[in-house]
Amino acid sequence: MNTEKTENIVDQLRHIIADQLDVNLSVAEISPDTPLFEGGIGLDSVAIMEFITLIEENFGFEFARDELNLKPFENLRVLSEFVNSKLSGDTASAST
Amino acid sequence: MTDGRFTCAYGDLPGRLDDICRYLDTLGAGADAVPALECINSTAGVLTLLALLRRGSHFLLNPGSGNVEPTDSNLKPVARFCTHRIVVLRAPPEAPPDWLETPGNFLSVSRHADYLGPPEACDPGIGNLYIRTSGSLGTTKIVVHGQTRLFHNADSCLDRLGLEAEDRVTLPVPIFHMYGLGAGFLPALLAGASIHVEEHGNILRYLDNERRFQPNVAFLNPLLCGMLLRWGRFGSSYRRVVTSTQAMREEMFRDFDDNFGNLISLYGSTEMGAITASLSQQSQDKRAAGLGPPLRGVTLRLEDDNKDGAELLCLHPYGYRGYLDEAGHWLHRCAEGEWYRSGDWARQRNDGILVILGRANSSVNRGGYLVFLGDIENELEKLPEISQAAVIASDEEDHRGRRLTAFCIPKQGVTTTADALRAACFRHLPKHSIPDHIHLLSSLPLLPSGKLDRKTLLLHSKELI
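Residues numbered from 1 in each chain as written. Chains lettered and ligands numbered in written order. Predicted model: local features only at pLDDT ≥ 70, side-chain atom pairs only at ≥ 80, totals over all residues. Heavy atoms only, no water.

**A look at the overall build of chain A**
A count of helices and strands for chain A gives four helices and zero strands. Going from N to C terminus, chain A has its helices and strands arranged as α-α-α-α. The C-alpha atoms of chain A give a radius of gyration of 12 Å, which matches the 12 Å a tight globule of 96 residues would have. Dimensions of chain A, computed from the C-alpha atoms along their principal axes, are close to 35 × 30 × 25 Å. (Helix = DSSP H or I, 4+ residues; strand = E, 2+ residues; numbered from the N terminus. Rg over C-alpha atoms; globule rule 2.2 N^0.38 Å.)

Below, the structure is given as structure tokens:
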């Protein structure tokens, strides 16, 4: 896979969480492999909603209705691969 | 009933509940124990809750984190009249399919070290449910519900909401609060409906489960309604959607009603359970504007006939029995025929529709939690940097509710910044109580009477944002 690209996206996602979400976490505290919800980074229902919106704004795409499920949001590494496939127009792998 | 992973059929309920009771007995938490149940929205949580209700136990219902070690700042203490702490555990990812069949897998039971003695409301024969008010910061009171009345109230809800055995009801709202329990879960149970419980109101999980469970009835709150409007599957056919009453904008109400199905607002409180709801057959105009007639047996009146609204008072045949303190002493015991002060301002329209205008005192609803501004001020003033604090709720709203601005006077000789104080708030306050903005002042504006001039602060807060 395109590791460099997804690493770059992971970094952008970490910055979105640290700088734009109201969660009081620093970039250093957000690891790409930590689950995003309870038991991990702990995004609550409001933060999740804002996070989805910010991803759409920052990367300039919209989630299709069927793409919004827990799978791509497992952790930032999985999410970055999803974002990467959306950006490269690879909808087949994007809709997993 | 199911949580998406573990399912229990109605026919298997008696056996499962027996197993749980036997397990509790072996650990010394028998029928005469007064446990605190830390419950989560899971099948295991539902079964444990039902086991305690069926045997008529007196028990305190607390929000749980799914872990023995608390990981959630919203957790409430075990009251000192509780003999045991029962924690409903979240299933580990590797749990086998028969995980739910052994109560020891999903329950952690321990004796309560600080147990003082039984609560005063603990009459033999009538099980009480103890549940805390939703005030979020230290000012919670323990509400006492007789379980017989609780089921009567649920039965009135069932009537009003028209639930049926064929329905597939989804509950992403907590079953350990009165809305999810008394207006959602118990009525669905009485109807014999299929019930799906879900943790945390996470929109992604909700959409996942919607695909699998295919609900036709949902109990939501305005926040979840908003998320579904934005990302939900339009055309998914809900026969009925119930939302808790927290000022939902009419435009959003109509939008949701058009796209998802018959939307009903339900109004109630921890003390009274469900009080009134809109009628499903009412026009969208009326349902979007407010509430229909009160539930069976309930009488409502406004304290006076002020056109701008007055405090809503309620006489409820199935309401609470009173309040207890943490040690189990009566703080208030309801007399027969006592009117309950809702603390909400309301107005009755000429066509009979009841419009709830907001809280009568200085509290706001944020993300489903009742937040008292005075509580936040007290917490801020406990910070070592702050000598005095005032918190203002603006008219503007974000996703959590009305935006909060805190004005703080630092202690003499202390240098701090608004950012540092806000970071401290994250350590000391639940998320829904954290002010959106903090401003440092050298003094707070006062009225001639010496009281805080909240109006001036409100203007300030608007200028500063």
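**Some thoughts on the overall build of chain B**
Along its length, chain B carries 12 helices and 23 strands. Taken over the C-alpha trace, chain B has a radius of gyration of 23 Å; the compact-globule value for 465 residues is 23 Å, and the two agree within 12%. The C-alpha extent of chain B, read off along each of the three principal axes, is 65 × 55 × 50 Å. Across the 465 residues of chain B, 56% fall into the buried class. Long-range contacts, defined as pairs at least 24 residues apart, comprise 64% of the intrachain contacts of chain B with a sequence gap of at least 6. Accessible surface for chain B amounts to roughly 19300 Å². Of this, 50% is attributable to carbon and sulfur atoms. In chain B, 48 positive and 55 negative side-chain charges are present, and the distance between their average locations comes to 1 Å. (Buried < 20%, exposed > 50% of the residue type's maximum accessible area, 1.4 Å probe, protein only. Contact = heavy atoms within 4.5 Å. Areas by Shrake-Rupley, 256 points an atom, 1.4 Å probe, with all protein chains shown as cover. Lys, Arg positive; Asp, Glu negative; His and termini not counted. Charge placed at Lys NZ, Arg CZ, Asp CG, Glu CD.)

**Details of the pattern of salt bridges**
Counted under the stated rule, the structure contains 25 salt bridges over all chains. We note a salt bridge from Asp44(A) to Arg400(B), for which the minimum N-O separation is 3.1 Å. Residue Asp44(A) is located in the loop between helix H1 (3-20) and helix H2 (45-59), and its partner Arg400(B) is located in the loop between strand S21 (386-398) and strand S22 (401-410); the two belong to separate chains. Residue Asp44(A) is classed as partly exposed on the basis of its relative accessible area of 21%. Classification of Arg400(B) as buried rests on a relative accessible area of 16%. Via salt bridges that share partners, Glu7(A), Asp33(A) and Arg77(A) belong to a single interconnected network. (Salt bridge = Lys/Arg side-chain N within 4 Å of Asp/Glu carboxyl O.)

**What about the interface of chain B and chain A?**
Contacts between chain B and chain A engage 22 residues on the former and 21 residues on the latter. Around 2200 Å² of area is buried between chain B and chain A when both sides are counted, 56% of it from carbon and sulfur atoms. Inspection of the region where chain B meets chain A yields two salt bridges. Where chain B packs against chain A, one counts six residue pairs in polar contact (both at pLDDT 80 or more). Breaking the side of chain B that touches chain A down by element, the ones donating at least two residues are helix H6 (203-213), helix H7 (222-231) and helix H11 (418-428) of chain B. Of the residues forming the side of chain B that touches chain A, the biggest block, six residues, is contributed by H6(B). Broken down by class, the residue content of the side of chain B that touches chain A amounts to nine nonpolar, five polar and eight charged. (Buried area = accessible area lost by both parts, 1.4 Å probe. Polar contact = N/O pair within 3.5 Å; in protein donor to acceptor, adjacent residues only side chain to side chain. Nonpolar A, V, L, I, M, F, W, Y, C, P; charged D, E, K, R; others polar.)

**Section: unusual backbone geometry**
In this structure, Asn24(A) is a non-glycine residue whose phi angle is positive, near 55°. Here Asn24(A) is to be found in the loop between H1 and H2. One non-glycine residue, Gln214(B), lies in the positive phi region at around 50°. Within the secondary structure, Gln214(B) sits in the loop between H6 and strand S9 (217-220).

**Details of the pairing of S22(B)**
Residues and elements named next belong to chain B. Most of S22 sits out of view: seven of its 10 residues are buried. Judged from the nine bridges that link them, S21 and S22 form a sheet pairing that is antiparallel. Across the sheet, the residue bridging to isoleucine 386 is proline 410, located in S22. The turn linking S21 back onto S22 is made up of two residues. The pairing of S22 with strand S23 (residues 437-440) spans four bridges and is classified as parallel. (Pairing = 2+ DSSP bridges.)

**What to know about the domain arrangement of chain B**
When the domains of chain B are assigned, the result is domain 1 (1-118), domain 2 (141-321 + 332-360) and domain 3 (367-464). Each of domain 2 of chain B and domain 3 of chain B has a C-alpha centre, and these two points are 31 Å apart. (Domains from an automatic or database assignment.)

**What about the confidence of the model for chain A?**
On average, residues of chain A carry a pLDDT of 84, and 91% of them reach 70 or more. The secondary-structure element of chain A with the lowest mean pLDDT is helix H4 (residues 91-94) of chain A, recorded at 49, while helix H3 (residues 76-87) of chain A shows the highest, at 93. (pLDDT = per-residue confidence, 0-100.)

**Overview of helix H2 (residues 43-54) of chain B**
In an α-helix there are 3.6 residues to a turn, and that puts residues three or four apart on one side. Residues and elements named next belong to chain B. Over its 12 residues, H2 runs 16 Å from end to end, which matches the ideal 16 Å to within 8%, given 1.5 Å per residue. By the criterion of burial, H2 is predominantly enclosed, with 11 of the 12 residues buried. Where H2 is concerned, the buried positions are Thr43, Ala44, Gly45, Val46, Leu47, Thr48, Leu49, Leu50, Ala51, Leu52 and Leu53. (Expected span 1.5 Å × (residues − 1).)

**Details of the packing of helix H4 (residues 147-161) of chain B against helix H5 (residues 178-191) of chain B**
All names here are of chain B. Taken N-terminus to C-terminus, the directions of H4 and H5 make an angle of 75°; their axes are 8 Å apart at the nearest point. With respect to H5, the axis of H4 lies roughly perpendicular. The segment H4 lies against H5, with Leu150, Phe151, Ala154, Asp155, Cys157, Leu158 and Leu161 engaging Met178, Gly182, Ala183, Leu186, Pro187, Leu190 and Ala191. Its residues assigned to classes, the contact of H4 with H5 comprises 12 nonpolar, one polar and one charged. (Axes fitted to C-alpha atoms, helices over the stretch in contact; angles between N-to-C directions. Parallel < 35°, antiparallel > 145°, perpendicular 65-115°, else oblique.)

**A short note on the packing of H7(B) against helix H8 (residues 250-260) of chain B**
Residues and elements named next belong to chain B. Here H7 crosses H8 at 60°, and the two axes come no closer than 10 Å. Overall, the two elements H7 and H8 adopt an arrangement that is oblique. The crossing of H7 and H8 is left-handed. The residues of H8 that touch H7, namely those facing Pro222, Cys225, Gly226, Leu228 and Leu229, are Met252, Asp255, Phe256, Asn259 and Phe260. The class makeup of the residues in the contact of H7 with H8 is seven nonpolar, two polar and one charged. (Left-handed = near helix turned anticlockwise from the far one by under 90°.)

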